[in-house]
Protein chains: 2
Amino acid sequence: MSLLVTGSIGIDTVETPFGKRQDVIGGSAIYFSYAASFFTPVRLVGVVGEDWPGGHRELFKDRDVDTAGLEVRKGSKTFRWHGSYVENLNEAVTVEVDLNVLAERAPKIPANYLESKYVFLANTHPVLQQEMLASMKNPNLAVADTMNLWIQTEREQLCKLLSKIHGLVLNDGEARLLTEKKNLIEAARNVLKMGPKFVVIKKGEHGSLLASKDDTFVLPAFPADKVVDPTGAGDSFAGGMMGYLATQGNYSPATIKRALAFGTVVASFTIADFSLAGLQAATRDAIDQRWHDYKQAMSF
Amino acid sequence: MSLLVTGSIGIDTVETPFGKRQDVIGGSAIYFSYAASFFTPVRLVGVVGEDWPGGHRELFKDRDVDTAGLEVRKGSKTFRWHGSYVENLNEAVTVEVDLNVLAERAPKIPANYLESKYVFLANTHPVLQQEMLASMKNPNLAVADTMNLWIQTEREQLCKLLSKIHGLVLNDGEARLLTEKKNLIEAARNVLKMGPKFVVIKKGEHGSLLASKDDTFVLPAFPADKVVDPTGAGDSFAGGMMGYLATQGNYSPATIKRALAFGTVVASFTIADFSLAGLQAATRDAIDQRWHDYKQAMSF
């Protein structure tokens, strides 16, 4: 089933202990789309400026990603982010950020996308996320991501969004900020009181945690002895998770666990190289193989 | 099979967000012994001073813990530790520490303990750990813990110890300090080069990681929505792990995984209350039940 994603598309400059890459492709919707496309057709909604490099348009040519919703806006500039993981591979320091086109009006969702049954609202202003969601015709599953900035400055709008979505994906620091609870299990349960049927807390190198009314589930990260560039790991995780869910049509605890495990494994490919190179080197077979290895390593 | 443990026995004062407890029982060997005794008979070797409260002698009366190796030394004072988790439940701030009797000569190992097949050398000076180990007659499995202090000040002696033991248990910060590697998988593999056949890295609320020549295994912590007092969690983990291993007589990857899972579950009882109260409220049946719940939650 088709999975719609809206989110950022950007040009990144990234520094890690393994080197520096200048003007590489990035953004939440890009990582999400690429990751999800291993599982299901993806519809990408996003906007870039006219500086968007031609080569980047070729990115999805071999993937089942519909880019009709990718608007190249005349007179605008693409979102740019420069981050450094040199001191700490678990947390980026933002060296510079230019919102550019992301600070303008949202991209239009193509009419044929509006009946998408699976929707992922990657991190952006919660008012925009609500507008996007409101325009969709009765999705089966709508999941959103968010970030510190909106928790701090747009809590009221974020709470409105939370009352309308099925699932929320956020990282540990964001969960603590949103709920003012240090214990992550307690934080997750408090998020559920705000509306979503389930919440996934991403803990970076420490894995992830899912909570729903009936289930609490923790998964470690895939053991990686070399993290080259963690950019996009969380978005790839969400992409793998949602991509798998879109193929299943049910949200049983077992299905959701398997989906989280796919997200975990897909993210492990992302972090093995800079920008999208790790995902580009992956195949569905390699993902399935690693998923089975991971499942095996978890069982006792 | 009998499991011998040597380590600290102390009187603790502990502050956490849930309150303060003054002059409660503590020490690595105490937590380890209590935890391991759910699985196998334990032989405790340690030394306290004549201030050791009479009530504490009753501690193991219903447990299969042989305290013939617990020396109450005339003219000496018991080890005391005062720690606070008020700011951070994941890491204690030491308010005050008095080594007292721990700075004197080591306790004598009773002659009938010397043939113990399972030995755990809880954290103490690596020269003492080597002496203890040298006095044992060919144990099947000898595992040690250590701490930052010895890594920084007694690296040479610690390396000698590492070349003589089967397994090392330490926490994430210690593993990074010992190997100068930030990535924990890489750190674990570097520890293996120092001698041990396996290494277990404890990550507190983030679970644990085991590495051996053929296996890398990560386990999340048991999801706990209330951590009252984390003191002794790592020692209880080691006690549950070693206690289970002592009943198995093999170290297959599957056995070691199950042992780590038992350690994880036993530690989850410890942190639910102050001092030993959490472990004292546990039963083998409750541990087994939680182990099965945990195993179930891990499988997908």
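Whatever comes next refers back to the structure up there.
Note that this is a predicted model, so its numbers are computed, not measured. Along every chain, residues carry numbers that run from 1 in the direction the sequence is written. Here the convention is simple: chains get letters from A, ligands get numbers from 1, in the order in which they are written. Given that this is a predicted model, residues contribute local features only at a pLDDT of at least 70 and side-chain atom pairs are listed and counted only at 80 or more, while totals for whole chains, interfaces and linings are drawn from all residues. Derived side-chain values reflect all non-hydrogen atoms in the structure, with water molecules and hydrogen atoms excluded from consideration.

**Regarding the pattern of salt bridges**
(1) Moving on: The salt bridge definition used is simple: a Lys or Arg side-chain nitrogen within 4 Å of an Asp or Glu carboxyl oxygen. If you walk through the whole model with that rule in mind, you get 24 salt bridges over all chains.
(2) Moving on: Linking D145 of chain A and K202 of chain A is a salt bridge whose minimum nitrogen-to-oxygen distance equals 3.4 Å. With D145 of chain A in strand β9 (residues 141-145) and K202 of chain A in strand β11 (residues 198-202), this pair connects stretches of sequence that are 57 residues apart.
(3) Moving on: In this scheme, a residue with accessible area under 20% of its type's maximum is buried, one over 50% is exposed, and one in between is partly exposed, where area comes from a 1.4 Å probe on protein chains only. In this structure D145 of chain A comes out as buried when scored by relative accessible area, which is 5%.
(4) Moving on: Between R80 of chain B and D23 of chain B there is a salt bridge, with the nearest N and O atoms lying 3.2 Å from each other. Taken together, the residues R80 of chain B in strand β6 (residues 79-84) and D23 of chain B in strand β3 (residues 19-26) connect sequence positions 57 residues apart.
(5) Moving on: The exposure class of R80 of chain B is partly exposed, given its relative accessible area of 27%.
(6) Moving on: According to the relative accessible area criterion, D23 of chain B is partly exposed, its value standing at 43%. Think of it this way: any DSSP run of H or I at least four residues long counts as a helix, any run of E at least two long counts as a strand, and we number them from the N terminus.

**Structural notes on the pairing of strand β8 (residues 118-121) of chain B**
Residues and elements named next belong to chain B.
(1) Moving on: Here β8 shows a buried face lined by Y118 and F120 and a second buried face lined by V119 and L121.
(2) Moving on: Summarising the sheet, strand β1 (residues 3-6) and β8 pair through four bridges and their orientation is parallel. Paired with V5 across the strands is F120, a residue of β8.
(3) Moving on: As for the winding sense of the linkage, the β-α-β connection from β8 through helix α2 (residues 126-135) to strand β9 (residues 141-145) is right-handed. Between any two strands, pairing holds if DSSP finds at least two bridges. With strands facing away from the observer, any crossover in which the path from the first strand over the helix to the second runs clockwise is taken as right-handed.

**A word on the interface of chain A and chain B**
(1) Moving on: Each partner contributes to the interface: chain A provides 32 residues, whereas chain B provides 32 residues.
(2) Moving on: Throughout, buried area stands for the accessible area (probe radius 1.4 Å) lost by two parts on being put together, summed over both. The largest per-residue losses of area from chain A upon contact with chain B belong to H206, D225 and F300 of chain A, which jointly make up 29% of the total buried on that side.
(3) Moving on: Here chain A and chain B share four salt bridges between them.
(4) Moving on: Between R176 of chain A and E205 of chain B there is a salt bridge, with the nearest N and O atoms lying 3.5 Å from each other.
(5) Moving on: Any pair of N or O atoms that falls within 3.5 Å is considered a polar contact. Within protein, one atom must be able to donate a hydrogen and the other to accept it, and sequence-neighbouring residues count only if both atoms are side-chain atoms. Along the contact surface separating chain A from chain B lie twelve residue pairs in polar contact (both at pLDDT 80 or more).
(6) Moving on: Those elements that place two or more of their residues in the side of chain A that touches chain B are α6 (184-193), β13 (216-219), α8 (253-270) and α10 (284-298) of chain A.
(7) Moving on: Considering every element that reaches the side of chain A that touches chain B, the biggest residue donor is α10 of chain A, with six residues.
(8) Moving on: Charged residues are taken to be Asp, Glu, Lys and Arg, nonpolar residues to be Ala, Val, Leu, Ile, Met, Phe, Trp, Tyr, Cys and Pro, and polar residues to be all remaining types, Gly included. Residues that form the side of chain A that touches chain B fall into these classes: 15 nonpolar, five polar and twelve charged. We call two residues in contact when some of their heavy atoms are within 4.5 Å.

**Points about the relation of the copies chain A and chain B**
(1) Moving on: After a rotation of 180° and a shift along the axis of 0.0 Å, chain A superposes on chain B with an RMSD of 0.0 Å. What we have between these two chains is a two-fold relation.
(2) Moving on: Most of the interface of chain A is mirrored in chain B, where 100% of its interface residues are also at the interface. Copies are brought into register by a least-squares superposition over C-alpha atoms of residues with pLDDT of at least 70 in both.

**Side note on the sheet that holds strand β10 (residues 167-171) of chain A**
Strands pair in a sheet through their backbones, by hydrogen bonds, and they do so in one of two ways: parallel or antiparallel.
All names here are of chain A.
(1) Moving on: A sheet is described by the order of its strands in space; here nine strands give the open sequence β5-β4-β1-β8-β9-β10-β11-β12-β13, paired in mixed fashion. Sheet topology places β5 (65-73) and β13 at the edges, where each strand pairs with a single neighbour. The sheet shows a mean angle of 15° between the axes of neighbouring strands, taken without regard to direction.
(2) Moving on: Where strand β12 (residues 208-212) lies against β13, four bridges are found, and the strand directions are antiparallel. In the strand pairing of β13, L210 is matched with F217.
(3) Moving on: Every axis corresponds to a line fitted to the C-alpha atoms, with the helix fit spanning only the stretch in contact, and the corresponding angles, defined between N-to-C directions, vary from 0 to 180 degrees. Across the sheet, α6 is in contact with β10, β11, β12 and β13; its angle to β11 comes to roughly 145°.

**Quick word on the environment of R80 of chain A**
(1) Moving on: Linking R80 of chain A and G7 of chain A, residues 73 residues apart in sequence, is a C-alpha distance of 14 Å.
(2) Moving on: In terms of polar contacts, R80 of chain A uses its side chain to reach the side chain of D51 of chain A, at 3.5 Å.

**Some thoughts on the packing of aromatic side chains**
(1) Moving on: Any two rings among Phe, Tyr and Trp, with Trp reduced to its six-membered ring, count as a pair given centres within 6.5 Å; such a pair is stacked if its planes are under 30 degrees apart, edge-to-face if over 60, and tilted if neither. Applying the stated criterion to the full structure yields 18 aromatic pairs over all chains.
(2) Moving on: On the basis of an interplanar angle of 35° and a centroid distance of 6.0 Å, the ring pair of Y34 of chain A and F60 of chain A is categorised as tilted. With Y34 of chain A in helix α1 (residues 28-36) and F60 of chain A in the loop between β4 (42-49) and β5, the pair connects residues that are 26 residues apart, well separated along the chain. Assigned by exposure class, Y34 of chain A and F60 of chain A land together as buried.
(3) Moving on: Sitting over the ring of F222 of chain B, R290 of chain B keeps its end group 5.1 Å from the ring centre. Whether a charge lies above a ring is judged from NZ of Lys or CZ of Arg, which has to be within 6 Å of the ring centre and within 35 degrees of the ring normal.

**Points about the environment of F198 of chain A**
All names here are of chain A.
(1) Moving on: With respect to the helices and strands, F198 occurs in strand β11.
(2) Moving on: Looking at F198, the relative accessible area reads 6%, which means it is buried.
(3) Moving on: Considering only alpha carbons, one finds F198 and D273, 75 residues apart in sequence, at a separation of 31 Å.
(4) Moving on: Ignoring anything within four residues of it in the chain, the contact list for F198 reads L141, V143, H166, G167, L168, L192, L210, A211, S212 and M241.

**Notes on the pairing of strand β10 (residues 167-171) of chain B**
Along any regular strand the residues' side chains alternate between the sheet's two faces.
Residues and elements named next belong to chain B.
(1) Moving on: Within β10, four of the five residues are buried, which leaves the element mostly enclosed by the surrounding structure.
(2) Moving on: The sheet contact formed by β9 and β10 spans three bridges and is parallel. Bridge pairing in β10 places D145 opposite V169.
(3) Moving on: Bridge analysis of β10 against strand β11 (residues 198-202) gives five bridges, and the strand direction is parallel. Looking at the pairing, L170 lines up with I201 of β11.

**Quick look at the packing of α8 of chain A against α10 of chain A**
All names here are of chain A.
(1) Moving on: With their axes 9 Å apart at the nearest point, α8 and α10 run at an angle of 115° to one another. Relative to α10, the crossing made by α8 is right-handed. Counted together, R258, A261, F262, T264, V265, V266, S268 and F269 of α8 and R284, A286, I287, D288, R290, W291 and Y294 of α10 form the full contact between these two elements.
(2) Moving on: Residue classes in the contact of α8 with α10 are distributed as nine nonpolar, two polar and four charged. Note on convention: the crossing is left-handed when the near helix lies turned anticlockwise from the far helix by less than a right angle, right-handed when the turn is clockwise.

**Topic: the packing of helix α1 (residues 28-36) of chain B against helix α7 (residues 233-246) of chain B**
Each pair of packed helices can be described by the angle between their axes along with the distance between the axes.
All names here are of chain B.
(1) Moving on: Two numbers describe how α1 lies on α7: the axes approach to 7 Å, and their chain directions differ by 40°. When the axis of α1 is compared with that of α7, the two are oblique. When the axes of α1 and α7 are compared, the crossing they make is right-handed. Of the residues in α7, those in contact with S28, Y31, F32, A35 and A36 of α1 are D235, S236, A238, G239, G240, M242 and G243.
(2) Moving on: When grouped by side-chain class, the residues that make up the contact of α1 with α7 number six nonpolar, five polar and one charged. Any angle from 65 to 115 degrees is called roughly perpendicular, while one under 35 is roughly parallel, one over 145 is roughly antiparallel, and all others are oblique.

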